[in-house]
Structures are given as C-alpha cells and as structure tokens.
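These are the residues of each chain, in order.
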Amino acid sequence: MAEQTSLATLLFHAADPQREQDLRRYLERRNTRHFTVVTSNPENGHPADPVWQPIGETHRLALTDLPHTPEQWPPDTVTFKEVRPRAPHPIYDPERPYDESVADGQYHYPPRP
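A. Examining the pattern of salt bridges more closely. Throughout the structure, instances matching the rule amount to four salt bridges. Between Glu20 and Arg60 there is a salt bridge, and its shortest N-O distance comes to 3.2 Å. A residue pair is termed long-range when its members are at least 10 positions apart, and Glu20 in helix α2 (residues 17-28) and Arg60 in the loop between β3 (53-54) and α3 (99-103) qualify at 40 residues. The class for Glu20 is buried, based on a relative accessible area of 1%.

B. Quick look at the pairing of strand β2 (residues 36-40). A large share of β2 lies buried, amounting to five of its five residues. Burial along β2 is two-sided: Thr36, Val38 and Ser40 facing one way and Val37 and Thr39 facing the other are all buried. With respect to chirality, the unit in which strand β1 (residues 9-13) leads through α2 into the neighbouring parallel β2 is right-handed.

C. Representation of the sheet that holds β1 in the model. An order of β1-β2-β3 is seen for the three strands of this open sheet, with the pairing classed as mixed. The open sheet has two edge strands, β1 and β3, and neither has a second partner. As paired strands, β2 and β3 are joined by two bridges and run antiparallel to one another. By the bridge assignment for β3, Val38 is matched with Pro54. Strands β1, β2 and β3 of the sheet are contacted by α2, whose axis makes an angle of about 160 degrees with β2.

Basis of the calculations
Residues numbered from 1 in each chain as written. Predicted model: local features only at pLDDT ≥ 70, side-chain atom pairs only at ≥ 80, totals over all residues. Heavy atoms only, no water. Salt bridge = Lys/Arg side-chain N within 4 Å of Asp/Glu carboxyl O. Helix = DSSP H or I, 4+ residues; strand = E, 2+ residues; numbered from the N terminus. Buried < 20%, exposed > 50% of the residue type's maximum accessible area, 1.4 Å probe, protein only. Right-handed = clockwise from strand over helix to strand, strands pointing away. Pairing = 2+ DSSP bridges. Contact = heavy atoms within 4.5 Å. Axes fitted to C-alpha atoms, helices over the stretch in contact; angles between N-to-C directions.

Here it is, written out as structure tokens:
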C-alpha cells in the first residue's frame, strides 16, 4: 500500500473498546514497519483530542503528535529494477490555483454562468 499510494499513516476508529482491542491484537501480529498505525474508539473522546494509540504503544496521542513515518518511496527492496512513478494526489488538478493565491488575492475564480 505504501508503494502504491505513498500513504504512511493509517487511522482506525473502532466502534467500541472491545473491537479496538481485537483490531490491535490483529495489527500487532502484522508487519507495519512502513506505516504509522493508530487506533481509537468513541469512548476515548473526540478524534481531535489525544485519543489515538499507536500500535505497540500504551499511551494515547493527538493527531498532531503522532510519530512521523519517513516517506517510503522508493521502497527499501528496490535495487536495480525500474521504479514506477508516484500515484497522483486524488484531488490534484493542475488547472486549480493553490489556496494561498486565492487568499492573497492573486487569483479570482471566474464567475459561474
């Protein structure tokens, strides 16, 4: 998944504490070396609060405090074979200006008909 999408952080918000524990036991047996994987459930509080628990850890963190997973491109296993280009961002539009240029007044969207 990291190779195909360049995503490195996975958030799992379980329906209840028991499902979160079951999910954590399952994920702890998997190779998550290339990912930051965290879980939570509604009983811990609002998702913006420190409710996210990384796999292999006992403490909970806020989204802004999650560990950084280094970018995994190209994958460690690539040696002398050709590397595929990164997948484009799903909402990338080369014709759309960056939000900063709109906010700074450097660009104005054309009026809709």
